[in-house]
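# Structure at a glance
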Amino acid sequence: MLRLQINKTRPVSGHRVQGLILAVALLALAGCKSGPGSNDAGPAADIDLSPATGGAILEGSIGDASNLIPMLAGDSSSHSVASLVFDPLLTYDRNQDQLEPRLASSWEVSEDGLEILFHLREDVRWQDGEPFTARDIEYGFKTITDPTTLTAYAEDYRQVSVFEVIDDFTFKVTYDKPFAPALASWNNLVVLPRHLLEGRDINSATDFARHPVGLGRYTLESWTAGTDISLQANPDYYRGRAYVERVVYRIIPDQQTQFLELKTGGLDMMGLTPLQYSRQTSSDAFKNNFARYKYLANSYTYLGYNLRNDLFKDQRVRRALSHAINKQEIVDAVLLGLGAPARVPYKPGTFWHNDSIEDLAFDPARSRQLLAEAGWSDSDDNGVLDREGKEFEFKILTNQGNDLRLKTATIIQRRFKEIGVKAEVRVIEWSAFINDFVDKRAFDAVVLGWSLGLDPDQYDIWHSSKTSEKEFNFVSFADQEVDDLLDSARRSFDRHERKKAYDRFQEILVEQQPYTFLYVAESLPAVHRRFYGIEPAPAGIAYNFERWYVPTALQKHSLSPGG
Amino acid sequence: MIAYLSRRLLGLVPLLLGITLISFMVIHVAPGSPMDLLTDMNPDASPELRDRLAEHWGLDEPLPVQYAMWLKRVVVGDFGNSLSRDPRPVIDKVAEALPVTLVLNLMSLCLVMAAAIPIGVYSATHPYSRSDRAATVFVFLGFAMPTFWLALLCMMLFGVELAWLPVSGLQSLDYNLLGPWGKVLDRARHLVLPVSIAAITSLAGMSRYMRSSMLEVFRQDYVTTARAKGLSERVVVYRHALRNAMLPVITLLGLSVPGLIGGSVIFETIFAIPGMGRLFYSSVMGRDYTVVMGVLVIGAVLTLLGNLLADVSYAIADPRLRRR
């Protein structure tokens, strides 16, 4: 849950994409399209199915965690384990829409939006018995904003001009300018036990990073590097002890192997690939043992054009290219239908998504017409359009290790050929891709993905001030109206006012097509049927993980402590 | 002999320096940096974080300075800390992965020898027969088959369908609850598939080597003499021919010693084994310079020592080498 709260937008790089799929599956990010029905295919009805504590869940994880101090972690495995050990001050609800209390029992935003007053719960204790107070948050805040702390998440906290502890359970933060994404930034990144860490260099506190003391639903029990991470329910959890006694993350980097482990009972839960979901899990034997879920992930894939390139400066050309792409075809071929075409950089079905926008339809005739208007014609009859003696040809780059993107690029290449545009697909290793092409703006077009945070702010990607090297508006999109909209929307705490601004922002994006937004994939977790209490919601399935349970009669993994 | 040895040892120093220098330069010149995983395409990370990380890790110094600093630490045995989000000492990380890989490779090497020698001998004693051809086809099939594919098939058959063996990993989750024999058995069951699949893929080389070496020996005069003396074929093959035919195979074995610490990424990924292959691969992908260099240096030292050992044993066997 943490990952996407703290990240307004996140990359989906090659080797991270699988981890992301899993994180998305486990951490439950998105709108539920369809559940597995109910658990009615479960065991005979004469056993007691009421909630019970006990049992264990074995989850598959693509990668090992690296660091369980949330502000230092960078990978989804670390964040998903850390989100069990630490709790946020507040979090998005099951609809991923409104914020609801966790460690903070309530909060007040001042009229002018400059001050936020947080009231903390008074009944929370660290897993070593010490009480949790506002001093801990103060420590966390000071640490994350300390320039020597090597964290990637400091920006939101740097906006705070004054941090003030009122009493043990109340603190106030003051901003220079109203900053709407600020509220959601008060997540578990700043929740650290002061009594254990103060005075130490957090960057080198590897003992704590590998054996953290938190206050969340689970306590870390053991961590065997590269093999498994085992957690035990925290009996003193302030929101009530989690039912499932033990969570074991088994690190199995290969999804095929994970799938075989799932079938043999070596795993209870994993994120399926589209192929596994649609072709390998439809047998009755599988369905009797596992419930499959699917919901749209909080990320999207796009084709981005380098707007500094003369080829793409003309809006008509970009619209022509978008008209030439059949998004549904890509979803069907690449995701085996397990996804949805994307129109805008928000997830369909969410509050922020502008539903009233008509997408550019797949219409090659319109493409040719638009290109002709822009001066492109096939004067030498070789099948490729040209203008002033130059042919319309360019390279589509994507990163190595992401098969979905390569397939997507290939399909696009063929569609472009049909309208007389010659595109060449090149795959480049991630580091070289970013450093030599994206950062240097030495690309024509790229197929890449962004993952979306729950706050709608997308300032870093679309504001014209964010176009220098290493910044994220690398297509160099610049539009005065968009700049104003993004700026005003992050200064307002009024949902409806923000929504209006972001709606207009989306209209402009669709009109100008700096990206062709391609698709949103679906997360496809499978969970063993002995787990009850799973309630699919727009946030996915894992948001209420502490309420999952295994009826006593069905509990099977009885690993004793240290197991 | 001591003079020879010390001369050889001294000769290793510049060689090792050269290896580290080239490796260091190549990995640092490659596009990307250890900062990338955290900051690339991450709007949360401010551009100045890159600079702070670079400074923290000493990457803002010119390359020769960095190399000198690195060398200074390595000379006293300090490989530094990993430049990843898990900043533990490089030595700790290698110490976690190395035993796993070493044990796996040793066992599969033993298995290869145990299978390759009989196959080679049999093929050589029945050259161009149907069974020789069958053996050849078999070993080359193993050689040509993609490891991951064979591994997945075996995992499906023995792990899922027959449920005889665990699918992946090195131990069961309840390993710590098992008795001593239970632990041994559990480990053994987990090792069957990875060890035998690793062995099958390298069976071809060794068995073909054994076969040709054996055929070579059969052409020697002393074998003819032995046969002429009226010794039984058994004695000729196993007592006289085999011993001599084994010599080149043992040399080959010596040369494979450094390979024992190198793991295969694909193989370790499929079987979910946390070995050297995955460690090295992820460090290279993350441009975790210190870990990459640590693994390379350890590999280089072992390779050089392996070669030295082979040379020394030759020297012991052949006095002419010592005098030179």
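Notes on the structure in this doc start here. (Residues numbered from 1 in each chain as written. Chains lettered and ligands numbered in written order. Predicted model: local features only at pLDDT ≥ 70, side-chain atom pairs only at ≥ 80, totals over all residues. Heavy atoms only, no water.)

## A short note on the overall build of chain A
Definition in use: Only runs of H or I of at least four residues qualify as helices and only runs of E of at least two qualify as strands under DSSP, and these elements are numbered from the N terminus. Three labels apply to residues, based on accessible area from a 1.4 Å probe with only protein chains included: buried if under 20% of the type maximum, exposed if over 50%, partly exposed otherwise in between. In what follows, residue pairs with any heavy atoms lying within 4.5 Å of each other are defined as contacts. His is not counted, nor are the chain ends, whereas Lys and Arg count as positive and Asp and Glu as negative. To locate a charge, the coordinates of NZ of Lys, CZ of Arg, CG of Asp or CD of Glu are taken.
A count of helical and extended segments in chain A gives 18 helices and 24 strands. Along the longest, intermediate and shortest principal axes, the C-alpha atoms of chain A span 80 × 60 × 40 Å. Going through the 563 residues of chain A one by one, you find that 63% of them count as buried. Restricting to contacts in chain A with at least 6 residues of sequence separation, those with at least 24 account for 71%. Between the centroid of the 62 positive side chains of chain A and the centroid of its 79 negative side chains there is a distance of 4 Å.

## A closer look at the interface of chain A and chain B
Heads up, the condition is: Buried area is understood as the total, over both parts, of accessible area removed when two parts are fitted together, assessed with a 1.4 Å probe. Put simply, a salt bridge is a Lys or Arg side-chain nitrogen that is within 4 Å of an Asp or Glu carboxyl oxygen. Any pair of nitrogen or oxygen atoms within 3.5 Å is treated as a polar contact; in protein, a donor-acceptor pairing is required on top of that, and neighbouring residues in sequence qualify only through side-chain atoms on both sides. Think of it as three bins: nonpolar holds Ala, Val, Leu, Ile, Met, Phe, Trp, Tyr, Cys and Pro, charged holds Asp, Glu, Lys and Arg, and polar takes everything else, Gly as well.
Every contact between the two is made by 62 residues of chain A and, on the other side, 43 residues of chain B. Across the chain A to chain B interface the summed buried area is about 4,500 Å²; carbon plus sulfur atoms make up 60%. The largest per-residue losses of area from chain A upon contact with chain B belong to L150, L260 and F472 of chain A, which jointly make up 14% of the total buried on that side. Among the ionic pairs, D86 of chain B bridges to R210 of chain A, the shortest N-O distance being 3.0 Å. Summed over the shared surface of chain A and chain B, the number is 11 residue pairs in polar contact (both at pLDDT 80 or more). Taken together, the elements giving at least two residues each to the side of chain A that touches chain B come down to β1 (9-11), α5 (155-158), α7 (206-210), β12 (246-251), α8 (255-264), α15 (430-438) and β22 (445-452) of chain A. Sorting elements by how many residues they give to the side of chain A that touches chain B places α15 of chain A first, with seven residues. Grouping the amino acids of the side of chain A that touches chain B by side-chain chemistry returns 24 nonpolar, 21 polar and 17 charged.

## Observations concerning the sheet that holds strand β9 (residues 170-175) of chain A
Residues and elements named next belong to chain A. Note the threshold: A pair of strands is labelled paired if DSSP reports no fewer than 2 bridges between them. To get an axis, fit a line to the C-alpha atoms, keeping to the stretch in contact for a helix; angles then go from 0 to 180 degrees between the N-to-C directions.
If you trace the four strands from one edge of the open sheet to the other, you get β6-β7-β9-β8, paired in antiparallel fashion. Every other strand in the sheet has two partners, leaving β6 (104-109) and β8 (160-167) as the edge strands with one partner each. When strand polarity is set aside, the average angle formed by the axes of neighbouring strands in this sheet is 15°. Of the strands in this sheet, β7 (115-120), β8 and β9 touch helix α4 (residues 134-145), which is tilted by about 160° from β8.

## A look at helix α10 (residues 233-255) of chain B
Because the α-helix completes a turn every 3.6 residues, residues three or four places apart line up on one side. All names here are of chain B. Note the cut-off: Multiplying 1.5 Å by the helix residue count minus one yields the expected span of that helix.
If you check α10, its first and last C-alpha atoms are 32 Å apart, about what 23 residues at 1.5 Å a residue would give, namely 33 Å. Restricting attention to buried positions, one finds in α10 the residues V236, V237, A241, L242, A245, M246 and V249. Along its buried surface, α10 packs onto α5 (90-125), α8 (180-218) and α9 (221-228).

## Description of the packing of aromatic side chains
Residues and elements named next belong to chain A. Note the following rule: Centres within 6.5 Å make a pair out of two Phe, Tyr or Trp rings, where for Trp the six-membered ring is used; the pair is then stacked when the planes are under 30 degrees apart, edge-to-face when over 60, and tilted otherwise. For a lysine, the NZ atom is tested; for an arginine, the CZ atom; a charge sits over a ring if that atom is within 6 Å of the ring centre and within 35 degrees of the ring normal.
Applying the stated criterion across every chain, the model contains 44 aromatic pairs over all chains. Taking the centre distance of 6.0 Å and the plane angle of 40° together, the rings of Y218 and F545 count as tilted. With a gap of 327 residues between them, Y218 in strand β10 (residues 218-224) and F545 in the segment after β24 (525-528) connect regions that are remote in the sequence. In this structure, Y218 and F545 share a single accessibility class: buried. Aromatic pair F351 and W352: ring centres 4.8 Å apart, planes at 85°, arrangement edge-to-face. For F351, a relative accessible area of 24% gives the class partly exposed. Seen from the ring of F351, K499 lies directly overhead, with NZ or CZ sitting 5.6 Å from the centre.

## Some words on the pairing of β7 of chain A
Working note: regular strand, side chains alternate between the two faces of the sheet. Residue and element names in this part refer to chain A. Side chains of β7 alternate between two faces, with I116, F118 and L120 buried and E115, L117 and H119 left unburied. Note that β6 and β7 share five bridges and pair antiparallel. Within β7, the residue paired with V109 across the bridge is I116. Counted along the chain from β6 to the antiparallel partner β7, the turn is five residues long, and its residue G113 has a positive phi close to 75°. As paired strands, β7 and β9 are joined by five bridges and run antiparallel to one another. From the neighbouring strand, I116 faces β9, where its bridge partner is V173.

## As for the environment of P341 of chain A
Looking at the element boundaries, P341 of chain A is found in strand β17 (residues 339-341). With 176 residues separating them in the primary sequence, P341 of chain A and F517 of chain A have C-alpha atoms 7.9 Å apart.

## So, the side chain of S33 of chain B
Residues and elements named next belong to chain B. Mapped onto the elements of the fold, S33 is located in the loop between α1 (2-29) and α2 (36-39). Owing to a relative accessible area of 11%, S33 belongs among the buried residues under this scheme. Excluding its chain neighbours within four sequence positions, the residues that come into contact with S33 are R50, G286, R287 and Y289.

## A look at a negative patch on the surface
All names here are of chain B. Note the cut-off: Every patch collects residues that have over 30% relative accessible area and no salt bridge, joining them within 9 Å if they carry like charges and within 5 Å if they are nonpolar side chains (Val, Leu, Ile, Met, Phe, Trp, Tyr). Under the convention used here, a 1.4 Å probe and the Shrake-Rupley method define accessible areas, while residue burial counts only the protein chains that appear.
Together, D51, E55, D60 and E61 give the surface a local cluster of negative charge. Relative to the helices and strands, D51 is located in helix α3 (residues 47-56). Residue D51 is classed as exposed on the basis of its relative accessible area, which comes to 53%.

## Details of the pattern of salt bridges
One pass over the full model with this rule turns up 45 salt bridges over all chains. The salt bridge involving R194 of chain A is made with E198 of chain A; its shortest N-O contact spans 3.6 Å. Between R219 of chain B and E216 of chain B there is a salt bridge, with the nearest N and O atoms lying 3.8 Å from each other. By relative accessible area, E216 of chain B is classed as partly exposed at 45%. Bridged by salt links that share partners, the residues R210 of chain A together with D86, R88, K93 and E96 of chain B form one connected network.

## Re the environment of L53 of chain B
All names here are of chain B. Tracing the chain through its elements places L53 in helix α3. For L53, a relative accessible area of 0% gives the class buried. Along the chain, L53 and M35 lie 18 residues apart, while their C-alpha atoms are 6.7 Å from each other.

Functional significance is not addressed by these values, which are geometric in nature.
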